[in-house]
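Architecture at a glance
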Amino acid sequence: MTNLKIYNSYTRKKEVFSPITPGHVGMYVCGPTVSGESHMGHARPYITFDVVNRYLTHLGYKVRYVRNITDAGHFEEEGREAEDKISKKAVLEKLEPMELVQKYTNLFHWAMKRFNNIEPSIEPTATGHIVEQIEMIKKIIAAGYAYEVNGSVYFDISKYAEDHDYGKLSGRVIDDLLETTRVLEGQDEKRNKADFALWKNAAPEHIMRWQSPWGVGFPGWHIECSAMATKYLGPEFDIHGGGMDLQFPHHESEIAQSTICNHTAPVRYWMHNNMITINGKKMGKSYNNVIKLTELFSGDHPALEKPYHPMVVRFFILQTQYRSTLDFSNEALQAAEKGLKRLWEAYEKLQAMEYGTTPEKPDEALESKVSRTLAELDEFMNDDFNTAKVLANLFELVPVINSIKDKTIPLAALSRTGFELLKKQFRVYMEDILGLQDVSGADNEKLEKVLQLLIELRKEAKKNKDFFTSDKIRDQLSAAGIMLKDEKDGGISVSYE
RNA sequence: GGUACCGUGGCCGAGUGGCUAGGCUGAGCUCUGCAAAAGCUCCUACAGCAGUUCGAAUCUGCUCGGUACCUCCA
C-alpha cells in the first residue's frame, strides 16, 4: 500500500499503482537489439526503468524485472525480401551471427554496469525462446486470429479489431490503419497491410533459421516479448516499459497477441519514456546522428567537446522527467557535470559529519525547511517518478550542508533526529534510488597515502608561511588533475579533474 | 496526408489556475596569504493573438514554429 502514481500510457492518465499480487511487482522492459552498438538514446529507458526498479524495491516490493535481449533478426523493410538484420551485418563483418550477438551483448552489459544499472532479475534472449514463440503462434492460429501463407504466419488485424480495441495504446484508429491497406499487387502475402508477421519463412541465404510447423523460418519481432513476458511474469503482469517509439506497432501488437493467447490484457501499467534528441531531432540510426555509448564515454566523436562520465550521463537523464524529450548538447552535459560534482561533494561532506555530543539548539525555521524538503522527496517519486524534482530538492539542501560544514550554521541548529534523517535520506536517494556514484577516479590505496603526505606537507608549509612550497604542491597536483581546496575548518579536501 | 505531443529566463530543464522549482552561465559581495571551493545577493521567463476567470505559463479557440509516430527504432 503506497501512494505511488504511475502515468499509464494506455489510459493516458496517472493512476494509483496497485500490484496484482500484493507485495510483488512484475515488470517487463523491452531490451536492446544486439545487432549493433548501443547509443545514447538507449541509455534513457534503461536508466529510467532502473530507477523505477530501485524505487519499487525501496518501497518494499519484491520486483521481478525482466528485460530481454533481442538477438534474432527482423526484417529490414516490410514488403521487400525478408532480410535478417543480424545476418546481413554478419556477412559484412564476416562474423558468425552469434559472435556478433555476443559482442554487442557484452558491450551493452558493460555500458549498463558503468551506468550503475542494477541487472534485471531475468534477461531472456529471443533465440532462447523459439519454442515458446512457436507455441504461442500455434495458439493464435487455433483461435482463428492468424493465417499461414507460404510458410509465413500473419496476425489478422481486421479479425482482431472486430471484438478488440486494436490501436488504443497508440491512439490509432483501426479504420485508418485498415484503409491504408490497399493490397500491393499480389506480392504481399498479407491480407491487410496492418497485419504483422508472427513467423517468417526464411530465404535460403538466411542464416538464422529454425524449424517450425510452417517450415524453416524465424519469429516475427513482436512475438518474442509476448512469449517471454508470459513465461516469466504470467499472462497478466504489472508494468511494461519501453521507449515511446515502440508504442506502435510493437507494443500494440504485443497486446493483441497476448490477449488472444492468454484471454486477458497482458499489462496493467504501460510506461513509455520519451526520446533523447540531438539538435532537436531524435537520435536514431535512420537519422545518422547517433552518438554511441563508447564514444560518449571516450569523447571520441566530432560532436563531443570532451568525454562524459557515465554518471554524468545518468544524472543528466535524471534531471528530466522521463516523459519529456531531452535534448543533448555539450553545454547541457557540462552543466550536468558541474552540478553532479557539487551535489556529490556536499553529499560526501554530509556523510562524514557526526552529530557528536553537542547539545541540541534547533532552529525551528531550518528544522522545518529540512524536514519538509526531505518529505517532498517521497511525494515527488510517488508522482510518476519525478526525479527532476527530487534532484531540485536535494540541491536545495546543498547550501545547508555546506554551511554546516563551514560552521556558518551550527550543526546544533538541526535536532539530532533531524540531522540523522537528513543524512539517511540523502544516502537513500543518492545511492539507493537514483543510483548515483562517485565520479572521481578510483584511486589506489598507496597513491592515497602519498597524497595524504603531500597534504600534510602543504599544511605545514602554510603554517610556516612558506607559500612557495605550499603553492608548488597545490599547483603541481592541479596540473596532474588533482585539486586541493582549503576548507574553512582548516582541513584540505581533494577533488579530481 | 493522418494521429499525437511540444514551444518556459543566456543555456538545460520542473511546473496544469493564485504562493512565480532546480542546475549551468554571467555580475556583485563575504570568507581566504593567494587560489579554488563555499555562502549570500542580483539578472524573474513562460511563442503570438483572442477568450474564460476576481486571477492563467497553467483552461478554451485560432495563428505561427518544432518534434514524434504512422516502416526498423529506446
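Numbering of residues starts from 1 in each chain and follows the order in which that chain's sequence is written. Labels are handed out in written order, letters beginning with A for the chains and numbers beginning with 1 for the ligands. Where totals are concerned, whole chains, interfaces and linings use all residues; where local detail is concerned, this predicted model gives features only for residues with pLDDT of at least 70, and gives and counts side-chain atom pairs only at 80 or more. Side-chain figures throughout are based on the complete set of non-hydrogen atoms in the structure, without hydrogens or water.

**A few points about helix α13 (residues 387-405)**
- Helix and strand definitions follow DSSP, with helices as H or I runs of at least four residues and strands as E runs of at least two, each counted in order from the N terminus. Any helix carries an expected span of 1.5 Å times its number of residues minus one. Its 19 residues give α13 an end-to-end C-alpha distance of 26 Å, which sits within 8% of 27 Å, the value for a rise of 1.5 Å per residue.
- The angle between axes fitted to the seven residues ending at a residue and the seven residues starting there is what we call the bend at that residue. Along α13, the helix axis deviates most sharply at L397, where the bend reaches about 25°; the proline P399 sits within four residues downstream.

**Here's the deal with the domain arrangement of chain A**
- Split by domain assignment, chain A resolves into domain 1 (5-273), domain 2 (330-433) and domain 3 (445-496).
- As used throughout, domain bounds are those supplied by an automatic or database domain assignment. The straight-line distance from the C-alpha centre of domain 2 to that of domain 3 is 28 Å.
- Summed over both partners, the accessible area lost on bringing two parts together, with a 1.4 Å probe, is the buried area. Interface area, domain 2 with domain 3, both sides summed: about 460 Å², of which 36% is carbon and sulfur.
- Within this document, salt bridges are pairs made up of a side-chain nitrogen of Lys or Arg and a carboxyl oxygen of Asp or Glu, the two lying within 4 Å of each other. The tally of links between domain 2 and domain 3 comes to two salt bridges.
- Across the salt bridge formed by D406 and K488, the nearest N and O atoms sit 3.8 Å from each other.
- Whenever two N or O atoms come within 3.5 Å, that pair is a polar contact, provided that in protein one can donate a hydrogen and the other can accept it, and provided that, for residues adjacent in sequence, both atoms are side-chain atoms. Inspection of the region where domain 2 meets domain 3 yields two residue pairs in polar contact (both at pLDDT 80 or more).
- In the scheme used here, Gly and all other residues not listed as nonpolar or charged are polar, with Ala, Val, Leu, Ile, Met, Phe, Trp, Tyr, Cys and Pro taken as nonpolar and Asp, Glu, Lys and Arg as charged. Looking at the side of domain 2 that touches domain 3, its residues break down into no nonpolar, no polar and five charged.

**Remarks on the protein's contact with RNA strand B**
- We call a residue near a molecule or strand when any one of its heavy atoms sits within 4 Å of it. Around RNA strand B lies a shell of 59 residues, among which W221, G243, L246, K282 and T320 are the nearest.
- For RNA strand B, the backbone portion of the atoms within 4 Å of the protein, that is sugar and phosphate, comes to 69%.
- For RNA strand B, a base nitrogen lies 2.8 Å from a polar atom in the backbone of G41.
- One of the side-chain N or O atoms of E331 is found 3.2 Å from a sugar or linking oxygen in RNA strand B.
- For the surface near RNA strand B, the element with the most residues is α13, which contributes nine residues.

**Things to note about the pattern of salt bridges**
- Tallied over the full model, the rule gives 21 salt bridges.
- Among the salt bridges present, the one from D432 reaches R427, with a minimum N-O distance of 3.5 Å.
- Between D486 and K462 there is a salt bridge, and its shortest N-O distance comes to 2.9 Å. Taken together, the positions of D486 in strand β15 (residues 482-486) and K462 in helix α15 (residues 445-463) put the pair 24 residues apart, joining distant regions of the chain.

**Examining the environment of R342**
- If you trace the backbone, R342 turns up in helix α11 (residues 330-352).
- Taking the relative accessible area as the measure of exposure, R342 reaches 42% and is therefore partly exposed.
- Spatially, the C-alpha atom of R342 lies 31 Å from that of I6, the residues being 336 residues apart in sequence.
- In this analysis, two residues are considered to be in contact whenever any of their non-hydrogen atoms come within 4.5 Å of each other. Setting aside residues no more than four positions away along its own chain, R342 makes contact with F395, V398 and N402. Burial status follows relative accessibility: with a 1.4 Å probe on protein chains alone, a residue under 20% of its type maximum counts as buried, one over 50% as exposed, and anything between as partly exposed.

**Some points on the sheet that holds strand β14 (residues 326-328)**
- A pair of strands is considered paired only if DSSP assigns at least 2 bridges between the two. Across the sheet, three strands lie side by side as β13-β12-β14; this open sheet has mixed pairing. Looking at the sheet topology across the chains shown, the edges are occupied by β13 (281-282) and β14.
- Across three bridges, the pairing between strand β12 (residues 276-278) and β14 is parallel. Among the inter-strand pairings, I278 is bridged to a residue of β14, identified as F328.

**Focus: the nonpolar core**
- As used here, the term nonpolar core means buried Ala, Val, Leu, Ile, Met, Phe, Trp, Tyr and Cys residues forming a set that is joined through side-chain atoms within 4.5 Å. The biggest cluster of nonpolar side chains holds 89 residues, and the ones touching the most others in it are L296, L394 and F426.
- Counting contributing residues per domain, this core is built from domain 1 (5-273) and domain 2 (330-433), each supplying no fewer than three.
- Leaving out residues up to four positions away in the same chain, F426 has contacts with L343, Y347, L350, Q351, L394, L397, I401 and E431.
- Grouped together as the second largest cluster of nonpolar side chains are 38 residues, C30, I134, F196 and L233 included.

**A few points about the packing of helix α7 (residues 221-233) against helix α8 (residues 247-262)**
- To get an axis, a line is fitted to the C-alpha atoms, and for a helix only the part in contact is used. The angle between two axes follows their N-to-C directions and goes from 0 to 180 degrees. Their axes nearest at 9 Å, the elements α7 and α8 cross at an angle of 50°. Between α7 and α8, the angle is such that the two are oblique. The handedness of the crossing between α7 and α8 is right-handed. Of the residues in α8, those touching α7 at W221, H222, I223, C225, S226 and T230 are P249, H250, S253, E254, Q257, S258 and N262.
- Looking at the contact of α7 with α8 residue by residue, the classes come out as four nonpolar, eight polar and one charged. Reported orientations rely on four angle classes, namely roughly parallel under 35 degrees, roughly antiparallel over 145, roughly perpendicular from 65 to 115, and oblique for the rest. Left-handed is the label given to a crossing in which the near helix is rotated counterclockwise from the far helix by less than a right angle, and right-handed is the label when the rotation is clockwise.

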